[in-house]
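Working through the structure, step by step
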Amino acid sequence: MKWFPLLAVLCAALFPAVAKAGETVTYKDGDTMLEGYVAKPANMSGKAPVVMIAHQWMGLTANEKMRADMLAQQGYIAFAIDMYGQGIRPKDTKEAGELATKYKSDVATSRKRLNNALVYARQIEGADPARVAIIGYCFGGTMALELARSGADILGAISFHGGLATPDPVTKPGVIKAAIQVHHGADDPMVKPEEVAAFEKEMNAAGADWVLTKYAHAVHAFTQKEAGDDPSKGIAYNAKADARSWAYALDFLEKLF
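Let me begin by describing the structure that accompanies this report. (Residues numbered from 1 in each chain as written. Predicted model: local features only at pLDDT ≥ 70, side-chain atom pairs only at ≥ 80, totals over all residues. Heavy atoms only, no water.)

1. Description of the sheet that holds strand β3 (residues 48-54)
Here eight strands make up an open sheet; going across it, the order is β1-β2-β4-β3-β5-β6-β7-β8 and the pairing mixed. Edge strands, defined here as strands with exactly one partner in the open sheet, are β1 (23-29) and β8 (210-215). Each strand axis lies, on average, 20° off the axis of its neighbour in the sheet, ignoring direction. Here three bridges tie strand β2 (residues 32-39) to strand β4 (residues 77-80), and the two strands are oriented antiparallel to one another. Bridge pairing links Val-38 to Phe-79 in β4. Running at roughly 45° to β2, helix α2 (residues 62-73) makes contact with β2, β3, β4 and β5 (127-137) of the sheet. Helix α7 (residues 239-256) rests against β3, β5, β6 (156-160), β7 (179-185) and β8 of the sheet, and its axis sits at about 175° to β7. (Pairing = 2+ DSSP bridges. Helix = DSSP H or I, 4+ residues; strand = E, 2+ residues; numbered from the N terminus. Axes fitted to C-alpha atoms, helices over the stretch in contact; angles between N-to-C directions. Contact = heavy atoms within 4.5 Å.)

2. Considering the pairing of β3
Extensive coverage of β3 is indicated by the burial of seven of its seven residues. Summarising the sheet, β3 and β5 pair through six bridges and their orientation is parallel. Looking at the pairing, Ala-48 lines up with Ala-127 of β5. Between the parallel elements β3 and β4, the chain passes through α2 in a crossover that is right-handed. (Buried < 20%, exposed > 50% of the residue type's maximum accessible area, 1.4 Å probe, protein only. Right-handed = clockwise from strand over helix to strand, strands pointing away.)

3. Observations concerning the environment of Ala-221
Along the chain, Ala-221 turns up in the loop between β8 and α7. Separated by 195 residues in the primary sequence, Ala-221 and Thr-26 have C-alpha atoms spaced 28 Å apart. Excluding anything up to four places from it in sequence, Ala-221 contacts Cys-138, His-161, Ala-227, Ile-235, Ala-236 and Tyr-237.

4. Some thoughts on the pattern of salt bridges
Under the defined criterion, the tally for this structure stands at twelve salt bridges. Among the ionic pairs, Lys-94 bridges to Glu-98, the shortest N-O distance being 2.8 Å. Residue Lys-94 and its partner Glu-98 are both found in helix α3 (residues 93-105); the two are separated by four residues, about one turn of the helix. A relative accessible area of 59% means that Lys-94 is categorised as exposed. In this structure Glu-98 comes out as partly exposed when scored by relative accessible area, which is 46%. Asp-168 is the salt-bridge partner of Arg-111, the closest N and O atoms lying 3.0 Å from each other. (Salt bridge = Lys/Arg side-chain N within 4 Å of Asp/Glu carboxyl O.)

Listed below in structure tokens is the structure:
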């Protein structure tokens, strides 16, 4: 394919080899101890915007830490949050599904946990508390949207192949303050067209500033290399969609901040 060499160059530019630049941090939601990861720009001068990162259903992993390091290279303070609790990491997809379902179903608990992470994010040394956004992957994409739905005073929320449904949709303008960016696989079998349509209806009812981009031939988890390369399974990595969505997200963040 003629586009492949160009794609390889784009991926190399967007996803350079990055050494771990951050550190593990602990914070609390009530009595629950949580373990996150913070990465900062190498040379900071003044206050920097903060980008929170919500993890996929397996919990905080090397993937989220990699994205945090990449965001730090762009000049942001990146805070990879923990939705499950310190030491709580699913051992398999069955356990991951149970944990993710718990927090997607109980939005009062998840929104409280997200807002506690936001409080911590604003207190990170060097952070500009007025310039905060959140991104999330799969389950984390759903969580990023839940933080926006909670009415949190953040500038933006970005979902990568996340679920778009919620038990508590926003029904009136003025609640959602964040600009919303959604990256969705056009062939994602786990987020049905009806769910996408319901999300669009909700965002319009909320008077939200939103954009939803669909990626051709992409299925669920298209940014996750661990998802493999067989789209027929419903989850698969898609290098083209990964590179494009990351570029669009960086442009979105730059304009927000």
